[in-house]
Amino acid sequence: MLSALLNGWYRVCYTLWLPFYDLLVRPYSRLRRRAIKLLDLKPGERALIVGAGTGMDLKHLKPVPKITAIDLTPVMLWRLRRRARRRGLEVDARVMDALAMTFPDGSFDAVILHLILAVVPDPARCLAESARVLRPGGRAVVLDKFIRDDRRFRPILWLANLPLKLLGTNVNRRLGPLLEGTGLRIVRQEPAGLGGFVKIVLLRKEGPA
Ligand SMILES: C[S@@+](CC[C@H](N)C(=O)[O-])C[C@H]1O[C@@H](n2cnc3c(N)ncnc32)[C@H](O)[C@@H]1O
């Protein structure tokens, strides 16, 4: 119920962000490239971009694989489709909730989670869903803002989080506990800015590669 309400609010937020969005996230371009390089996608692999936004990851995916992109906000996908066409990429772009994906288990070789775990109301569920749709041995890459697992309570972040949550992001999340029980394990973790607050994390789903 709460998730549904928040999803509705985030759809409004990201519709309003659309005119400024690409400019706002341009500084992440180098980090996206690095994260996608870590995924080491092979020709023919199936990649899913979760909460794909306007498709700022697409330019780092060529000449890659079969790309599927999901997002809750239709106008974000509208821009993603336009971007894909300009780049000559075929992308299966669908309006879908990252917390309740309709893909069968094991549908993808790789999942891209850029700037989404800090947004969705239930990031543990988003990770569990990502793990479900990954094949055993599949990889996922996360690029996002996380507080350190050993810092439980930081009043400044807690205060900053109140208005930021309303604007569509959350700066008070820890990755470690979110991964528990998902079957995803950390393969590599790199600090990516703001003293390690922004991180790139490569994950692998248990099972044969
Ligand atoms: C901060 S943007 C990140 C977009 C893109 N991944 C990027 O790196 O630029 C967050 C995106 O998540 C989408 N979103 C929010 N909640 C979602 C949900 N429950 N399921 C799918 N997408 C969601 C928003 O519409 C928005 O496009």
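Novice: So, the site of the ligand: which residues are in play, and what are the values?
Specialist: Taken together, the neighbourhood of the ligand is formed by 19 residues, with Tyr21, Gly51, Asp71, Thr73 and His114 sitting nearest. Between an oxygen atom of the ligand and a side-chain N or O atom of Arg32, the distance comes to 2.7 Å. In the environment of the ligand, a nitrogen atom lies 3.2 Å from a nitrogen or oxygen atom belonging to the backbone of Leu72. In the complex, the protein chains occlude 97% of the 600 Å² of accessible area that the ligand would expose alone. The greatest single-element share of the shell around the ligand, amounting to three residues, is contributed by helix 1 (residues 2-25).

Novice: An account of the pattern of salt bridges is needed here, citing residue identities and associated values.
Specialist: Tallied over the full model, the rule gives 14 salt bridges. A salt bridge links Arg32 to Asp57; the nearest nitrogen and oxygen atoms lie 2.9 Å apart. Highlighted residues: Arg32 in helix 2 (residues 29-39) and Asp57 in the loop between strand 1 (46-50) and strand 2 (66-71), separated in sequence by 25 residues. Pair check on accessibility: Arg32 and Asp57 agree, each one buried. For Arg34, the salt bridge is made with Glu190, and the minimal N-O distance between the two is 2.6 Å. Placement of the pair is Arg34 in helix 2 and Glu190 in strand 6 (residues 184-193), with a sequence separation of 156 residues. Overall, Glu190 belongs to the buried group, its relative accessible area being 13%. Counted as one network, the salt bridges with shared partners bring together Glu45, Arg46, Asp109, Arg135 and Arg139.

Novice: Give me the packing of helix 1 against helix 3 (residues 74-86): which residues, what numbers.
Specialist: Here helix 1 crosses helix 3 at 35°, and the two axes come no closer than 8 Å. From helix 1, Arg11, Tyr14, Thr15, Leu18, Pro19, Tyr21 and Asp22 reach across to helix 3, where they touch Pro74, Val75, Met76, Trp78, Arg79 and Arg83.

Novice: Give me the sheet that holds strand 7 (residues 198-205): which residues, what numbers.
Specialist: Overall, mixed pairing links the seven strands, which are arranged 3-2-1-4-5-7-6 in an open sheet. Unpaired on one side and paired on the other, strand 3 (91-95) and strand 6 mark the two borders of the sheet. Ignoring strand direction, the axes of neighbouring strands in this sheet form an average angle of 15°. Where strand 2 and strand 3 come together, five bridges link them in parallel fashion. Bridge pairing in strand 3 places Ala69 opposite Ala93. Packed on one face of the sheet, helix 3 meets strand 2 and strand 3 and runs near 170° to strand 3. Together, strand 1, strand 4 (108-114), strand 5 (134-145), strand 6 and strand 7 form the strand contacts of helix 4 (residues 123-133), whose direction differs from that of strand 4 by roughly 160°.

Conventions adopted
Residues numbered from 1 in each chain as written. Predicted model: local features only at pLDDT ≥ 70, side-chain atom pairs only at ≥ 80, totals over all residues. Heavy atoms only, no water. Near = heavy atom within 4 Å. Polar contact = N/O pair within 3.5 Å; in protein donor to acceptor, adjacent residues only side chain to side chain. Areas by Shrake-Rupley, 256 points an atom, 1.4 Å probe, with all protein chains shown as cover. Helix = DSSP H or I, 4+ residues; strand = E, 2+ residues; numbered from the N terminus. Salt bridge = Lys/Arg side-chain N within 4 Å of Asp/Glu carboxyl O. Buried < 20%, exposed > 50% of the residue type's maximum accessible area, 1.4 Å probe, protein only. Axes fitted to C-alpha atoms, helices over the stretch in contact; angles between N-to-C directions. Contact = heavy atoms within 4.5 Å. Pairing = 2+ DSSP bridges.

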